[in-house]
Amino acid sequence: MRYMQVLDCDVANGLGWRVSLFVSGCTLHCKGCFNKEAWDFCAGKPFTVNVQNKILELLHPDYIQGLSILGGNPTEPENEKELIPFVKRVKEYYPDKDIWLWTGHTMEELVPRKDELIWLCDVVIDGRFEEDKKDSSLAFKGSGNQRMWANVDGNFVLVNGPEDLNPVKCVNGYVVKRREDGELEFSLPKVS
Ligand code: SF4
């Protein structure tokens, strides 16, 4: 995997002071994408062990609330291969910090493929950027079709926005559940 940049004290992508990792590579090619240079999987720099260790170091201070992962698109399978073990390491080192993920895929696409990365994250913002639904007033979303999901004890609930995260206020009762047998059950709103 390669990455475009790491921000060490980011307040724009998630709640609180955060370390943000922007990965390279996206196959979705949304019209009006703000970050076309990140479509190329060869763009940026290699995500080496040294870079990973540096991110762990940057996450250390108490004032850093967590890690944000953006792109490109982190849920491209080739990116997930490296992100999954890395995020597991982050969680091991810092169980109390939160992890936010932005993906161009939707939950409807990710859940059936038994995507592991999303389940390691506390907040997931899903969906393509849709130019005709662009709305700069939305917190942490580029367009109105994108949704914010909170991981509550291993189930994802749909929330309106960051104001619903603490305590978590689920909207419309939409939940993605992991059953005891490991299978996933989901009831999702229709994306307009
Ligand atoms: S998913 Fe994100 S990076 Fe990929 S094309 Fe859409 S807006 Fe751009």
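Calculation criteria
Residues numbered from 1 in each chain as written. Predicted model: local features only at pLDDT ≥ 70, side-chain atom pairs only at ≥ 80, totals over all residues. Helix = DSSP H or I, 4+ residues; strand = E, 2+ residues; numbered from the N terminus. Rg over C-alpha atoms; globule rule 2.2 N^0.38 Å. Buried ≥ 20, exposed ≤ 12 C-beta atoms within 10 Å, placed from the backbone. Contact = placed C-beta atoms within 7 Å. Expected span 1.5 Å × (residues − 1). Bend = angle between axes of the 7 residues up to and from the residue. Near = placed C-beta within 6 Å. Nonpolar A, V, L, I, M, F, W, Y, C, P; charged D, E, K, R; others polar. Core = buried A, V, L, I, M, F, W, Y, C linked by C-beta atoms within 7 Å. Pairing = 2+ DSSP bridges. Right-handed = clockwise from strand over helix to strand, strands pointing away.

This next bit is on the overall build of the protein chain. In terms of regular secondary structure, the protein chain is built from 3 helices and 10 strands. The linear arrangement of helices and strands in the protein chain, starting from the amino end, is β-β-β-α-β-α-β-α-β-β-β-β-β. For the protein chain, the C-alpha radius of gyration of 16 Å lies close to 16 Å, the compact-globule estimate for 192 residues. Taken along its principal axes, the extent of the C-alpha atoms in the protein chain is 45 × 35 × 35 Å. Taken across its 192 residues, the protein chain has 34% of its residues classed as buried. For the protein chain, long-range pairs separated by at least 24 residues make up 54% of all intrachain contacts whose partners lie at least 6 apart in sequence.

All right, on to helix α2 (residues 77–93) then. Helical geometry: 3.6 residues make up each α-helical turn, so side chains three or four residues apart lie on a common side. In a regular helix each residue adds 1.5 Å, so 17 residues correspond to 24 Å; α2 covers 24 Å between its end C-alpha atoms and thus fits that length. At Leu83, α2 shows its strongest bend, of approximately 30°, with the proline Pro85 following within four residues. Taken together, the buried positions of α2 are occupied by Asn79, Glu80, Leu83, Phe86, Val87 and Val90. Packing partners of the buried residues in α2 comprise β2 (17–23), α1 (49–58), β4 (64–70) and β5 (98–102).

A few words on the site of the ligand. Near the ligand lie 13 residues; those nearest to it are Cys26, Cys30, Cys33, Gly104 and Phe129. Of the residues belonging to the shell around the ligand, the class tally is 6 nonpolar, 6 polar and 1 charged.

Right, let's get into the nonpolar core. Grouped together as the largest cluster of nonpolar side chains are 38 residues, with contacts concentrated most on Leu101, Cys121, Val124 and Trp149. Of all the secondary-structure elements, those providing two or more residues to this core are β2, β4, α2, β5, α3 (107–110), β6 (123–126), β7 (147–152) and β8 (155–159).

The subject of this paragraph is the pairing of β7. Taken residue by residue, a regular strand's side chains alternate between the two faces of the sheet. For β7, the buried fraction is high: 5 of the 6 residues fall into the buried class. Both β6 and β7 contribute to a ladder of 4 bridges, which runs antiparallel. Residue pairing for β7: Ile125 is matched across the bridge by Met148. Sheet topology places β7 next to β8; 5 bridges connect them, and they run antiparallel. For Trp149, the partnering residue across the bridge sits in β8 and is Leu158.

This part is about the pairing of β5. Judged by how many residues are buried, β5 sits mostly within the fold: 4 of 5 residues are covered. The parallel pair β4 and β5, bridged by α2, forms a crossover whose chirality is right-handed.

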